[in-house]
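So you can see what is in the structure, the chains are spelled out below.
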There are 2 protein chains.
Amino acid sequence: MPIIVSLDERSYPIYISPQSLHRTGELLIDIGGKGKVLIVSNPVIFRHYGEIVFTALITLGFEVQTCILPAGERYKNLKTIERIYQHCAQYRLERRSTIIALGGGVIGDMAGFAAATWLRGINFVQIPTTLLAMVDAAIGGKTGVNHAQGKNLIGAFYQPKAVVIDPNVLQTLPVREYRSGMAEVIKYGVIWEPELFNLLESQPQLSQYRYLATQDLEKILYFSCQTKATIVSQDEREGGIRALLNYGHTIGHAIETVTQYRYYTHGEAVALGMIAAGDIAVQLGWWSKDEQSRQKQLIANVKLPIQLKPDIDLEAIKLALNWDKKVVQGAVRFILPKKIGQAAMTDQVPPDVIHQALICLIAQ
Amino acid sequence: MPIIVSLDERSYPIYISPQSLHRTGELLIDIGGKGKVLIVSNPVIFRHYGEIVFTALITLGFEVQTCILPAGERYKNLKTIERIYQHCAQYRLERRSTIIALGGGVIGDMAGFAAATWLRGINFVQIPTTLLAMVDAAIGGKTGVNHAQGKNLIGAFYQPKAVVIDPNVLQTLPVREYRSGMAEVIKYGVIWEPELFNLLESQPQLSQYRYLATQDLEKILYFSCQTKATIVSQDEREGGIRALLNYGHTIGHAIETVTQYRYYTHGEAVALGMIAAGDIAVQLGWWSKDEQSRQKQLIANVKLPIQLKPDIDLEAIKLALNWDKKVVQGAVRFILPKKIGQAAMTDQVPPDVIHQALICLIAQ
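About the criteria used
- Residues numbered from 1 in each chain as written.
- Chains lettered and ligands numbered in written order.
- Predicted model: local features only at pLDDT ≥ 70, side-chain atom pairs only at ≥ 80, totals over all residues.
- Heavy atoms only, no water.
- UniProt positions renumbered as here; feature names shortened; annotations may be inferred.
- Helix = DSSP H or I, 4+ residues; strand = E, 2+ residues; numbered from the N terminus.
- Contact = heavy atoms within 4.5 Å.
- Polar contact = N/O pair within 3.5 Å; in protein donor to acceptor, adjacent residues only side chain to side chain.
- Domains from an automatic or database assignment.
- Buried area = accessible area lost by both parts, 1.4 Å probe.
- Salt bridge = Lys/Arg side-chain N within 4 Å of Asp/Glu carboxyl O.
- Nonpolar A, V, L, I, M, F, W, Y, C, P; charged D, E, K, R; others polar.
- Axes fitted to C-alpha atoms, helices over the stretch in contact; angles between N-to-C directions.
- Parallel < 35°, antiparallel > 145°, perpendicular 65-115°, else oblique.
- Left-handed = near helix turned anticlockwise from the far one by under 90°.
- Pairing = 2+ DSSP bridges.
- Core = buried A, V, L, I, M, F, W, Y, C linked by side-chain atoms within 4.5 Å.
- Buried < 20%, exposed > 50% of the residue type's maximum accessible area, 1.4 Å probe, protein only.

1. Considerations on the UniProt feature "binding site: NAD(+)" (unreviewed entry) in chain A
All names here are of chain A. The positions UniProt marks with the feature "binding site: NAD(+)" (unreviewed entry) are Gly 105, Val 106, Ile 107, Gly 108, Asp 109, Thr 129, Thr 130, Lys 142 and Lys 151. Within the secondary structure, Val 106 sits in helix α4 (residues 105-117). In this structure, Val 106 is in contact with Gly 72, Glu 73 and Lys 76, ignoring residues within four places of it in sequence. Counting through the fold element by element, Lys 151 comes out in strand β8 (residues 150-157). In contact with Lys 151, other than residues within four places in its own chain, are Glu 73, Asn 146 and Tyr 261. A distance of 2.8 Å separates the side chain of Lys 151 from the side chain of Glu 73, its partner in a polar contact.

Here it is, written out as C-alpha cells:
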C-alpha cells in the first residue's frame, strides 16, 4: 500500500518498492495519466535508468519525449527552466500531459516548477533517484530555482500526482550523497519517529547502502516518507508544524553559507546543525546528554561529520545566522529536540548558548 | 459591500468605488497587509495614478518601492518577469510583503506571476486601470506570460488578496480600449446576467465612458465583476463552467491569430466572435433571430465592429480554429447562447454552419 500525502483534492500516493521503476507506466495509468509524457533528467541518471522508465511508458502506449539537463546546482536557474519550456512547446504538451522528474532534488525542483507553470500547471510525477530526494525533496510540493541573490527565491508550491521510489536505484548513488541523505533520515527519527531512530540504532553498519538489508532499507524509506507526508499533510504551505523539518537547518544553512556551499554537502551541514541544536537543547535543559550522545553516535555511524573543520570563522557563522530567512524580528528561530521523536520551535535561545554550541562543535 | 470571490481560504474581496485608489492603504491593512509593498506599473499609468497609490500607502506606514515596466503585450515575457524578480531581490521582499499590480491586463498578469513565484508566493493585490482588466483579467487568478510559441503558455493560477476598482480611472482610458472592455461586459450579459444586458440596452449611448452616468457605470462594473466572481468561485481551475467565459472567444481567437494580433483589439475580436457564435446558435435553433439582433445592436452601439474586414482569409480562420487549444479530439468547442443570460457548450457544430456564420460576418 502506498503512503498517501493527504491534501484534499491534491492528495497523492508515494510508492516504495523495488523494481517500481519498471512499473512507471502502470502507476501513471493508475493516477489517470495519458497521452504525452516528458521525462526530465540529467545525463548520468538517464544513462542508468532512462531506458527502464522510457520503455515502461512506451510499452503502455504513452508518447514519450526526454529533456536532458546538465547536472548540478549551478544550473538550477531560470535559464534551464526555459530549456524545459522549449521542450514543452516543441512537443506541444497539453494540460493533460505529464512531466516526470527522474533524478535528484535539483531535477525534481526544476521539473516541478516547469510543470507548475506550463499552461498554468500540468501533471507532475517525481521519480527521485537520490536518498535525499526520496525522503525529502520529492515530497511536499516545493519546486523552484535559485536567483542570483539567493537559493530557491523563485518557485511555487505544486504537488506531484505521485512519487515513485525504487530503493534499488540507490546502488548507483555515490556514497557521500547516500550519507547526506541519511542526515535527513536521522532528522525524522529525532523530531518525529522514535521507531525510525531505534531501527537506525539497531543497524550494525549504516555508512553505506550495501550494509543495509533490503527490508531494513525499505522500512527506513517508509518511516522517513511517512513522516514527511504526515507533516506536509498538516501544513502544506509552511505556516506551522512544517517548520519542524528545519531541525538542524538553522545552523546548517549558516555553515553552508559561510563555506559557500562548497565544502560540505547539504546533509553534512545538517548533521553538524543537528549536533549543535542538540547541544543547545542540552544547555537549555530541553533534552538529556544521553540522548544527545545517542544522536551524535548515529551521525558518526553514518560517517557524517560530527565536528566543524577547525579553520572556520565562528563570527561569520553567527552573522549568517542573523541573515537567515528563519529570523523573525531579529530573533533566530531554532527547532530543538525535547526527546527522541519530539521537537519544538523557539526563538528564545540566548546568544551565548549559541556561541557555546558552536565552540563545542569545533573543539570536541 | 465588496463582491467576494469565494474560494475557501483563497477567497478575496473586490472593492468597487470612486476614489478607492486613495484608500489603497486602508484596504491593504484590512486584508492583513504590512511592511514592504512593490508597485508594478507602466510609465503612462504610473504618471496618472502612481502618486495617489504611493501616497496612500506611505501615509499608513507601508515601505513602498516601484517597478516600472515598458507598456505593451510584446514585453509580456520571462525577460520582464526577471526584471520584477530583480526588484524583489533588491528590496528584499519577504513572504509577508505585497506586490500591487497597477495597470491593465498585461501588468496584472506579469505582477501576478511574479507574486505567485517569488518565495513560492507572496501577497498580491490587483488595481486594474482598464475596463477589460476590471471586469475580466484582474479577477480569477490567471497569471502568466507569453512564450515564443504562443500566448500565456507560461503561468500559474494564483488568486489576489484583493481587487481594488476605482471607476474614475477610466476617464484616462483611450476610447478604443474602453470599447474593447465593453465587449466582455456584453458577454456577461449574454451568457449570465439578463439584468446587465437590459441595463446596457437602456443606455442612450454606450460608445464612450463620458456618456455613462456614474451610477450606471458602477452598476455595470458591479454586475460584470459579480458574474466573473460567481463563475470563478464555482470553477477555479477551468475544468467546467468557467468555459462559458470563452463565449465569443473561439472565433475571436482565430480572428486575432489570422490578423496577427495587430488589426483588432482583443475586445473587437471577441465582439465579432460573439456575433458569429450568435449566428451559429440561430442556425442550430438555440436562440432567436430577435435575440441575435439585440446582441448585435448592443455591439454596434458601443461602436465595436460588427463585420469582418473584407480582405480577411476565411480559410485561414477555419485553419486557426482547428489549432485552438479549445479543440478536443478534433472537434471545435463553442459556447453558444440559448437566451439572453444563458449559454452552453457544444462541440457538435457542423463545419458548414461555421462556414455560413463566417460568410455572414463578412457579407452583411
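2. Topic: the domain arrangement of chain A
By a widespread convention, an interface's size corresponds to the accessible area lost as its parts come together. Residue and element names in this part refer to chain A. Entries for chain A in the domain assignment read domain 1 (3-172) and domain 2 (175-363). Between the C-alpha centres of domain 1 and domain 2 the distance comes to 27 Å. The interface is formed by 26 residues belonging to domain 1 together with 26 residues belonging to domain 2. Both faces considered, domain 1 and domain 2 share a buried interface measuring about 2400 Å² in area, 68% of it formed by carbon and sulfur atoms. Where domain 1 touches domain 2, the interface holds 3 salt bridges. Where domain 1 meets domain 2, there are 8 residue pairs in polar contact (both at pLDDT 80 or more).

3. As for the interface of chain B and chain A
Each partner contributes residues to the interface: chain B has 28 residues there, and chain A has 28 residues. Taking both partners together, chain B and chain A bury about 2600 Å²; carbon and sulfur atoms supply 54% of that area. Scanning the region where chain B abuts chain A turns up 2 salt bridges. Among the salt bridges present, the one from B:Arg95 reaches A:Glu238, with a minimum N-O distance of 3.3 Å. Counting across the chain B and chain A interface gives 10 residue pairs in polar contact (both at pLDDT 80 or more). Sorting the residues of the side of chain B that touches chain A by element identifies α3 (78-90), α4 (105-117), β7 (142-147) and β8 (150-157) of chain B as the ones contributing at least two each. For the side of chain B that touches chain A, the element with the highest residue contribution is β8(B), accounting for 6 residues. Residues of the side of chain B that touches chain A, tallied by class, amount to 13 nonpolar, 7 polar and 8 charged.

4. Quick word on the packing of helix α6 (residues 175-191) of chain B against helix α7 (residues 194-201) of chain B
When two helices pack together, their arrangement is given by the angle between the helix axes and the distance between those axes. All names here are of chain B. Interaxial distance between α6 and α7 falls to 6 Å at its minimum, and their mutual angle equals 130°. Judged by the inter-axis angle, α6 sits oblique to α7. Here α6 runs over α7; the crossing is left-handed. Within the contact between the two elements, α6 uses Met 182, Val 185, Ile 186, Tyr 188, Gly 189 and Val 190 and α7 uses Pro 194, Leu 196, Phe 197 and Leu 200. Class assignment for the residues of the contact of α6 with α7 results in 9 nonpolar, 1 polar and no charged.

5. Here we look at the sheet that holds strand β6 (residues 123-128) of chain A
All names here are of chain A. If you trace the 7 strands from one edge of the open sheet to the other, you get β1-β2-β9-β6-β5-β3-β4, paired in mixed fashion. The sheet is open, and its two borders are formed by β1 (3-5) and β4 (63-68), each paired with just one other strand. Strand-to-strand twist in this sheet, taken as the mean axis angle between neighbours without regard to direction, amounts to 20°. Relative to strand β9 (residues 162-165), β6 is paired through 2 bridges, and the arrangement is parallel. Of the residues in β9, the one forming a bridge with Gln 126 is Val 163. Across the sheet, helix α3 (residues 78-90) is in contact with β3 (36-41), β4 and β5 (98-103); its angle to β4 comes to roughly 160°. The sheet strands contacting helix α8 (residues 214-234) are β1, β2 (12-16) and β9, and the helix crosses β1 at an angle near 20°.

6. With respect to unusual backbone geometry
Most peptide bonds are trans, and most residues other than glycine sit at a negative phi. The phi torsion at A:Leu119 lies on the positive side, around 55°, for a residue other than glycine. Looking at the secondary structure, you find A:Leu119 in the loop between α4 and β6. Even without being a glycine, B:Arg120 presents a positive backbone phi close to 60°. Tracing the backbone shows B:Arg120 in the loop between α4 and β6 (123-128).

7. Quick word on the nonpolar core
The tendency in soluble globular proteins is for nonpolar side chains to be buried as a group. B:Ile14, B:Leu57, B:Leu200, B:Ile255, B:Ile280 and B:Leu308 are the most contacted members of the largest nonpolar core, which has 99 residues in total. Ranked by the residues each element gives to this core, the list is headed by helix α10 (residues 266-283) of chain B, at 11 residues. Domain assignment of the residues forming this core places at least three in each of domain 1 (3-171) and domain 2 (175-363) of chain B. Sequence-distant contacts of B:Leu308, defined by excluding residues within four places in its chain, comprise B:Ile255, B:Tyr264, B:Leu272, B:Ile317, B:Leu361 and B:Ile362. In terms of nonpolar packing, the next biggest core, distinct from the first, is built from 98 residues, A:Ile100, A:Tyr247, A:Ile280 and A:Val302 among them.

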